[in-house]
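# A look at the structure
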Amino acid sequence: MRATVRGVARIGTALLVAVAAAGAWMWSSGGADAPVASRPETLRVVTWNICGEAGGERGQSGYCPLRDRPEEKTGKIAALARKHDADVITLQEVCGGAPGSHMDLLRSALGPGWSVRHAEGARPDGETRCRDGLSGDLGVALAVRGEIVGDRSLNALPPDPKGVSRQTLPVLCVRVEGWSYTPCTTHILPGEEPRVGEQIAAVRAFVRGEDRPTVLTGDFNRNAGAPQLAPLVASYSVCPAADGGGRGAVTYHAWDPEKRAHSFHELDHIFFDSPPGVRNPLVRCGVDEDLMDTTPNEPGGRGPDGYSDHAPVYAEIRTGP
């Protein structure tokens with residue numbers, strides 16, 4: 001079992017102490033398909049909340065496009081990896097840890113030379129199992145084109161002070177043979193409650209515990225200019241940029257049934273360090289909006305035109321001079 005902390009006993013200072021003490025690296029040996037170790041000159045990263053587990057029928061608030069077709073979703077992830085010649089794929093709202101799960105299918109779709117890790121999270125009811133016949137447990141995942149030699153994860157979300165929600169939201173990091181960067185991914189709670197700031201502080205402390213440059217990706221449930229994300233924006237460069245905003249950086253689509261109106265937001269980001277000797281490591285940054293469902297979520301409406309309510313974000317980052 002990996003060093004995953006399912007709950008944090010206290011918030012505030014105690015939470016950060018727990019972060020510092022938790023998440024020891026779990027080391028692994030290479031397998032038959034392990035590629036020759038080499039440091040890529042640039043790191044090509046894709047992050048995507050695939051909305052792979054949420055339930056709900058068409059017209060309900062929990063509706064997720066193609067949630068009952070994990071083979072189609074994982075096939076599209078593999079195609080996305082090929083399109084961007086990706087070194088890192090990070091995923092949120094994904095099922096793993098069981099035969100037939102998204103992660104099991106993705107291993108086959110990506111093929112030899114890729115390594116995959118999954119960190120378990122729980123819904124507000126405390127359940128981790130994916131719903132409605134889907135295999136595996138809910139969480140976040142990392143796939144890298146290389147050999148993972150260490151991984152660690154942590155539930156960074158403090159307990160609900162009201163005792164109502166039992167949700168957990170992990171942050172996951174891996175170390176890859178020969179790489180100077182450590183890729184990480186997470187999923188931040190939506191809304192304005194105090195736990196959001198505490199979770200972000202815990203994620204930052206966990207990732208900043210690295211002794212090397214890091215890439216932190218995920219669904220942060222707010223744009224990069226939001227006050228809650230200020231600790232991350234102050235510590236890292238970000239794609240899309242904090243002042244990018246607007247229709248040009250849309251990563252999430254929602255439908256308001258009362259107003260019968262579309263709503264577009266920038267919720268997904270790639271935060272990254274600058275390696276020593278590199279002033280501006282970002283080579284390119286973009287969003288694959290064509291994979292995001294933009295249809296009205298109405299009962300009896302036409303089918304989705306995308307694979308998730310989120311769009312993938314991609315970036316290419318220089319790893320050295």
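Here, the structure is the one placed above.
First, a word on what this report is: a plain description of the structure on this page. (Residues numbered from 1 in each chain as written. Predicted model: local features only at pLDDT ≥ 70, side-chain atom pairs only at ≥ 80, totals over all residues. Heavy atoms only, no water.)

### As for helix α2 (residues 70-83)
The end-to-end C-alpha separation of α2 is 20 Å, in line with the 20 Å expected for 14 residues at 1.5 Å each. Within α2, the full set of buried residues consists of Pro 70, Lys 73, Thr 74, Ile 77, Ala 78, Leu 80 and Ala 81. Projection of α2 onto a plane perpendicular to its axis shows the buried side chains occupying an angular sector of 155°, all on one side. Residues Glu 71, Arg 82 and Lys 83 are exposed on α2 and point more than 90 degrees away from its buried face. A positive phi of about 50° marks Asp 85, the residue just after α2. (Helix = DSSP H or I, 4+ residues; strand = E, 2+ residues; numbered from the N terminus. Expected span 1.5 Å × (residues − 1). Buried < 20%, exposed > 50% of the residue type's maximum accessible area, 1.4 Å probe, protein only. Arc of directions from axis to C-beta.)

### Some details on unusual backbone geometry
In this model, Cys 239 is joined to Pro 240 through a cis peptide bond whose omega is -10°. With respect to the element layout, Pro 240 can be found in the loop between β10 (237-239) and β11 (252-256). Positioned with a positive phi, Asp 85 is a non-glycine residue whose angle comes to about 50°. Of the residues examined, Asp 85 reaches a relative accessible area of 37% and is grouped as partly exposed. Phi is positive for Glu 93, which is not a glycine, with a value near 55°.

### A closer look at the packing of α2 against helix α3 (residues 102-110)
Contact pair α2 / α3: the axes reach a minimum separation of 9 Å and the direction vectors enclose 45°. Between α2 and α3, the angle is such that the two are oblique. Crossing geometry of α2 relative to α3 is assigned as right-handed. Note on element contacts: α3 touches α2 through His 102, Leu 105, Leu 106, Ala 109 and Leu 110, opposite Pro 70, Glu 71, Thr 74, Ile 77, Ala 78, Ala 81 and Arg 82. In terms of residue class, the contact of α2 with α3 is made up of eight nonpolar, two polar and two charged. (Axes fitted to C-alpha atoms, helices over the stretch in contact; angles between N-to-C directions. Parallel < 35°, antiparallel > 145°, perpendicular 65-115°, else oblique. Left-handed = near helix turned anticlockwise from the far one by under 90°. Contact = heavy atoms within 4.5 Å. Nonpolar A, V, L, I, M, F, W, Y, C, P; charged D, E, K, R; others polar.)

### So, the layout of surface pockets
Quantified by volume, the largest pocket comes out at close to 850 Å³. If you list the elements that add at least two residues to the lining of the largest pocket, you get β5 (137-144) and β11. Considering each element in turn, the lining of the largest pocket owes the most residues, four residues, to β11. (1 Å grid on protein atoms, 1.4 Å probe; cavity = no way out; pocket = protein on both sides within 12 Å on 5 of 7 lines; lining within 4 Å. Points joined across faces, edges and corners; volume = space filled by probe spheres on them.)

### A look at the state of the cysteines
Per the stated rule, a full pass over the model turns up four disulfides. The disulfide that involves Cys 51 links it to Cys 64, with 1.3 Å between the sulfurs. Disulfide Cys 51 to Cys 64: torsion about the S-S bond roughly -95°, handedness left-handed. Placement of Cys 51 in the loop between β2 (42-49) and α2 and of Cys 64 in the loop between β2 and α2 is noted, with a sequence separation of 13 residues between them. The burial state of Cys 51 is the same as that of Cys 64; both residues are buried. Two residues share a disulfide in this structure: Cys 239 and Cys 285, whose sulfurs sit 2.0 Å from each other. One disulfide, between Cys 239 and Cys 285, carries an S-S torsion of 90° and so falls in the right-handed class. Here Cys 239 is found in strand β10, whereas its partner Cys 285 is found in strand β14 (residues 282-287), with 46 residues between them in sequence. A residue is classified by how much of its surface remains accessible, and Cys 239, at 0% relative accessible area, is buried. Given the relative accessible area of 34%, Cys 285 is considered partly exposed. Disulfide connectivity for the protein, with bonded cysteines indexed by sequence position, reads 1-2, 3-4, 5-6, 7-8. (Disulfide = S-S within 2.5 Å.)

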